[in-house]
Amino acid sequence: MTLRSEPVPAVWRRVPPPPESVAEPLPAYVDAMTTLVQPIVRADDLSVVAYEALSRFPHTDDVERLFQHAHTAGHGDLLEIEALRRALALPDRPDDVDLFVNVSERAIRSQRFWAALADDLTGIMVELHESRAGLDEESVDRILERFRERGARICHDDVGVHAQDLDRIASLHPDVMKIDRRWVDHCDERPGSAGVITSMAEFAKARGVTVCAEGA
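A brief look at the structure comes next. Note that this is a predicted model, so its numbers are computed, not measured.

All right, on to the environment of R56 then. Along the chain, R56 turns up in strand 4 (residues 48–56). C-alpha separation for the pair R56 and M33, spaced 23 residues apart in sequence, amounts to 5.7 Å. Non-local contacts of R56, meaning those with residues more than four positions away in its chain, are made with A32, M33, T34, L36 and V63.

A few words now on helix 3 (residues 76–88). With 13 residues, helix 3 extends 18 Å from end C-alpha to end C-alpha; this agrees with the ideal 18 Å at 1.5 Å per step. Summarising burial for helix 3: 12 of the 13 residues are buried, a large majority. G76, D77, L78, L79, E80, I81, E82, A83, L84, R85, R86 and A87 are the residues of helix 3 that are buried.

As a further point, take the pattern of salt bridges. A complete count under the given rule lists 10 salt bridges for this structure. Taken together, the shared-partner salt bridges in this structure form one network comprising E52, E127 and K178.

It is worth spelling out the pairing of strand 8 (residues 176–179) at this point. Here strand 8 shows no split at all, with V176 and K178 on one side and M177 and I179 on the other all buried. Of the strand pairs in this sheet, strand 7 (residues 153–159) and strand 8 are connected by three bridges, and their pairing is parallel. Looking at the pairing, C155 lines up with V176 of strand 8.

Turning our eyes to something else, we now look at the nonpolar core. Of all hydrophobic cores here, the largest spans 24 residues; its most connected members are I108, F113, L117 and F147. Put simply, the parts of the chain that give this core at least two residues each are helix 3, strand 5 (98–103), helix 4 (105–108), helix 5 (111–116), strand 6 (124–128) and helix 6 (137–149). Ranked by the residues each element gives to this core, the list is headed by helix 6, at four residues. In this structure, F147 is in contact with V103, I108, F113, W114, L117, L121, V126, A152 and I154, ignoring residues within four places of it in sequence.

Basis of the calculations
Residues numbered from 1 in each chain as written. Predicted model: local features only at pLDDT ≥ 70, side-chain atom pairs only at ≥ 80, totals over all residues. Heavy atoms only, no water. Helix = DSSP H or I, 4+ residues; strand = E, 2+ residues; numbered from the N terminus. Contact = heavy atoms within 4.5 Å. Expected span 1.5 Å × (residues − 1). Buried < 20%, exposed > 50% of the residue type's maximum accessible area, 1.4 Å probe, protein only. Salt bridge = Lys/Arg side-chain N within 4 Å of Asp/Glu carboxyl O. Pairing = 2+ DSSP bridges. Core = buried A, V, L, I, M, F, W, Y, C linked by side-chain atoms within 4.5 Å.

This is the structure:
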């Protein structure tokens, strides 16, 4: 099981300009977008085994709502690919440390997203966000296979939020699943929580899925 600690500022180098088709429709606030990296550590020895890239904006702390609004406005896929592009440009990541990046089902349905996506995603863990976009499991699985063809691995995020999450683990076969922090935080103080976590971890282990626990 792995635990996540607090985000730290990413080391930046000059980011190449994105394709014109991606940059032009985006709002001006994108220019001020920054990327933080949050370490993911092994519980046994607290060694860093991966990082998660997180986008941040100076004008709002509600990043989830900002991305939702962008999708409603018709450029959410472009915002997600820009966030992903900047995350992939972060320097000095060790070859043996994965980088977790967030994507939504709404974005991966977009041909503009795929047209701008890097061909080589080796060392990237694509983290499928909990928000749903009306896709059936077979369609999601086919789309995730396109990431795998480019060298990425798959993480299913926020497991334990929806009743069908374990069914999704069985059908989508991710490499990693993250147990949502609402189960993990202070689990030793809440009756039943530890048992639920153990059950989810055993379910994942039986299917060859690595478990990551959010929170502490």
